[in-house]
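Chain by chain, the residues run as shown.
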Amino acid sequence: DTAVSQTPKYLVTQMGNDKSIKCEQNLGHDTMYWYKQDSKKFLKIMFSYNNKELIINETVPNRFSPKSPDKAHLNLHINSLELGDSAVYFCASSQLIYRTGETQYFGPGTRLLVL
Amino acid sequence: QQQVKQSPQSLIVQKGGISIINCAYENTAFDYFPWYQQFPGKGPALLIAIRPDVSEKKEGRFTISFNKSAKQFSLHIMDSQPGDSATYFCAASDFNAGGTSYGKLTFGQGTILTVHP
C-alpha cells in the first residue's frame, strides 16, 4: 500500500489555467506538507497543516491555496498558472510537528509543466 | 537566505570508493539533521539522521559526522555501490512555537551522486 499518494503524477497545462493536485496519506499522521522542487532540484517547503490547521505558510504567492478536508488529505490549488510554477510538487506527512526529529514521508511527486 | 549549504553539487565515485558530502548551517537553533536520498522520479526518503549531542552516527555503510562548533555535518558512504546513485539532501530543523519553524525542514541544495561500476 502506498503511504503517501499524489494525483496526478503529471500535469501539463497552459499559462493562466487553474489546476489542483491531491494528496492522501494512510499513515495516520497528523501533519502534512507541500514542497516545491525546482529545476535545480532545490526543495523548499510551501505549507504545512497539522490536523487540518495551517501551521506553516512560507512566502508563497496567494495564487497557491492549500486545503485540508481532513487530516489524511491535503490538496493544493493553483490559480492563474505561470511559467515559473513549472516544478515538481511533493506532498509529505509526519507524525507530529510539535517537535523536531519526526521523519517526513514524501509522496512520489506531481510534475507540473506550464506552457 | 540559504541556511544550509551543501557541497559538492555533483560527485562521481568508483564502485567500492568512499562518497563524502558536506553541509554547513548557520542557525544555531537547529537541533535535528537528517539526510534524505532521492532516486530519479521518486520522492525523497529519510536515509539517516543525527542530533547535535553526538558527533557521529553510523547505520550500515552510511555515517554522519557532526561538528557542532564548526556548524558542519557530513555524510560518508563507505563501499559505494551503483545502487547508491541518487541525489542526496542534507537538511536541518528546529522547533520554535512562537515563530514559524514548527520543526520544518530546511534543505541543502542537493548532491547528485553517480557511482560507476
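Structure: see above.
Definitions and cut-offs
- Residues numbered from 1 in each chain as written.
- Chains lettered and ligands numbered in written order.
- Predicted model: local features only at pLDDT ≥ 70, side-chain atom pairs only at ≥ 80, totals over all residues.
- Heavy atoms only, no water.
- Pairing = 2+ DSSP bridges.
- Helix = DSSP H or I, 4+ residues; strand = E, 2+ residues; numbered from the N terminus.
- Axes fitted to C-alpha atoms, helices over the stretch in contact; angles between N-to-C directions.
- Contact = heavy atoms within 4.5 Å.
- Salt bridge = Lys/Arg side-chain N within 4 Å of Asp/Glu carboxyl O.
- Polar contact = N/O pair within 3.5 Å; in protein donor to acceptor, adjacent residues only side chain to side chain.
- Nonpolar A, V, L, I, M, F, W, Y, C, P; charged D, E, K, R; others polar.
- 1 Å grid on protein atoms, 1.4 Å probe; cavity = no way out; pocket = protein on both sides within 12 Å on 5 of 7 lines; lining within 4 Å.
- Points joined across faces, edges and corners; volume = space filled by probe spheres on them.
- Disulfide = S-S within 2.5 Å.
- Buried < 20%, exposed > 50% of the residue type's maximum accessible area, 1.4 Å probe, protein only.
- Phe/Tyr/Trp six-rings, centres within 6.5 Å; stacked < 30°, edge-to-face > 60°.

### A short note on the sheet that holds strand β3 (residues 19-25) of chain B
All names here are of chain B. Taken in spatial order, the five strands make up an open sheet running β1-β3-β8-β7-β6, and their pairing is antiparallel. Two strands lie at the open edges of the sheet, namely β1 (4-7) and β6 (56-59), each paired on one side alone. Strand-to-strand, the axes of this sheet are offset by a mean angle of 15 degrees, without reference to chain direction. Sheet analysis places β3 next to strand β8 (residues 72-77), joined by six bridges and oriented antiparallel.

### Here's the deal with the interface of chain A and chain B
Counting residues at the interface gives 23 residues for chain A, matched by 26 residues for chain B. The tally of links between chain A and chain B comes to one salt bridge. Between A:Glu58 and B:Lys104 there is a salt bridge; the shortest N-O distance is 2.8 Å. Seen at the junction of chain A and chain B, the total is four residue pairs in polar contact (both at pLDDT 80 or more). Going through the elements one at a time, β4 (31-37), β5 (43-50) and β6 (53-57) of chain A are the ones with two or more residues in the side of chain A that touches chain B. A per-class count over the side of chain A that touches chain B returns 11 nonpolar, six polar and six charged.

### A few points about the layout of surface pockets
Residues and elements named next belong to chain A. Size it by volume and the second largest pocket reaches roughly 180 Å³. As for the second largest pocket, its lining consists of Lys36, Asp38, Phe42, Lys44, Ile45, Met46, Glu58, Thr59, Val60, Pro61, Phe64 and Asp85. In terms of residues, the lining of the second largest pocket owes the most to one element, β5, which gives three residues. Here the residues of the lining of the second largest pocket sort into six nonpolar, one polar and five charged.

### Comments concerning the state of the cysteines
Here, the word disulfide means a covalent bond between the sulfur atoms of two cysteines. Applying the stated criterion across every chain yields a total of two disulfides over all chains. For A:Cys23, the disulfide goes to A:Cys91, at an S-S distance of 1.9 Å. Torsion about the S-S bond of the A:Cys23 and A:Cys91 cystine: about -80 degrees, corresponding to left-handed handedness. Highlighted residues: A:Cys23 in strand β3 (residues 19-25) and A:Cys91 in strand β9 (residues 87-94), separated in sequence by 68 residues. For A:Cys23, a relative accessible area of 2% corresponds to the buried category. Disulfide pairing places B:Cys23 opposite B:Cys90 at an S-S distance of 1.9 Å.

### Describing the environment of A:Leu83
Residue and element names in this part refer to chain A. Inspection of the secondary structure puts Leu83 in the loop between β8 (73-78) and β9. Counting along the chain gives 76 residues from Leu83 to Thr7, while the straight-line C-alpha distance between them is 21 Å. Not counting residues up to four positions away in its chain, the partners in contact with Leu83 are Met15, Val114 and Leu115.

### What about the environment of B:Leu105?
Turning to its location among the elements, B:Leu105 is positioned in strand β10 (residues 105-107). Each C-alpha atom, one on B:Leu105 and one on B:Tyr32, is 9.0 Å from the other, the two residues being 73 residues apart in sequence.

### A look at the packing of aromatic side chains
All names here are of chain B. Counted according to the given criterion, the structure contains 18 aromatic pairs over all chains. Between the aromatic rings of Tyr36 and Phe107, the centroid separation amounts to 5.8 Å while the plane-to-plane angle is 65 degrees, which identifies the pairing as edge-to-face. Within this pair, whereas Tyr36 is found in strand β4 (residues 33-38), its partner Phe107 is found in strand β10, the two being separated by 71 residues in sequence. The pair formed by Tyr36 and Phe107 is uniform in burial state, with each residue classed as buried. The interplanar angle of 35 degrees and the centroid separation of 6.3 Å between the aromatic rings of Phe66 and Phe73 together place this pair among those described as tilted. Of the two residues examined, Phe66 and Phe73, each falls in the buried class.

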